[in-house]
Amino acid sequence: MQVNPDDPICLCFHVTRRKVINFIRVEKPKRPSQLSQCFGAGTGCGWCRAYLERLLHEQLAENADNSLIPSAEMTYQEYKRARTDYVLKGGGKPPAGAIPIDVESDEAPK
Ligand code: FES
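Residues numbered from 1 in each chain as written. Predicted model: local features only at pLDDT ≥ 70, side-chain atom pairs only at ≥ 80, totals over all residues. Heavy atoms only, no water.

K.L.:
Sorry if this is basic, but what is going on with the packing of helix 1 (residues 17-27) against helix 2 (residues 49-63) here?
P.N.:
When two helices pack together, you describe them by how their axes are tilted relative to each other and by the distance separating the axes. Where helix 1 meets helix 2, the axes come as close as 10 Å, and the angle between the chain directions of the two elements is 50 degrees. By the criterion of interaxial angle, the relationship of helix 1 to helix 2 is oblique. Handedness of the helix 1/helix 2 crossing: right-handed. Facing Arg17, Val20, Ile21 and Ile24 of helix 1, the residues of helix 2 in contact are Tyr51, Leu52, Leu55, Leu56, Gln59 and Leu60. Here the contact of helix 1 with helix 2 is composed, by residue class, of eight nonpolar, one polar and one charged. (Axes fitted to C-alpha atoms, helices over the stretch in contact; angles between N-to-C directions. Helix = DSSP H or I, 4+ residues; strand = E, 2+ residues; numbered from the N terminus. Parallel < 35°, antiparallel > 145°, perpendicular 65-115°, else oblique. Left-handed = near helix turned anticlockwise from the far one by under 90°. Contact = heavy atoms within 4.5 Å. Nonpolar A, V, L, I, M, F, W, Y, C, P; charged D, E, K, R; others polar.)

Below, the structure written as structure tokens:
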């Protein structure tokens, strides 16, 4: 049975599942450690950190634009094209020295 929305996940700081899910939806944290900004969740004994991390990943997957999630069955070309779409849609900026988003190659980098 799943934890109810109003049950506290972080028992140290009484942070409910609902509060964490709303925090993820509104603040869009990228790392589990950012959930500590939700009423201090996870900053006490540490018991709930694994649960918080799992909840973050579940919520991000649920809220994600699934068309941008690469499939394990993609070819390298499809994978690169999907990354180009991701970058062009504002998903992130490749660092200097990264494979450019417009490179067309059939071979994986060595
Ligand atoms: S239960 Fe969340 S930090 Fe202790």
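Still more ground to cover, so stick around.
K.L.:
It is not clear to me how the pattern of salt bridges should be interpreted in this structure. Could you clarify?
P.N.:
Opposite charge on two side chains allows them to pair when their charged atoms are near. Scanning all chains against the criterion turns up one salt bridge. With a closest N to O distance of 2.8 Å, Asp6 and Arg18 form a salt bridge. Of this pair, Asp6 sits in the segment before strand 1 (8-10) while Arg18 is found in helix 1, placing the two residues 12 residues apart along the sequence. Look at Arg18 and you get partly exposed, because its relative accessible area is 40%. (Salt bridge = Lys/Arg side-chain N within 4 Å of Asp/Glu carboxyl O. Buried < 20%, exposed > 50% of the residue type's maximum accessible area, 1.4 Å probe, protein only.)

Nothing here speaks to function; it is geometry throughout.
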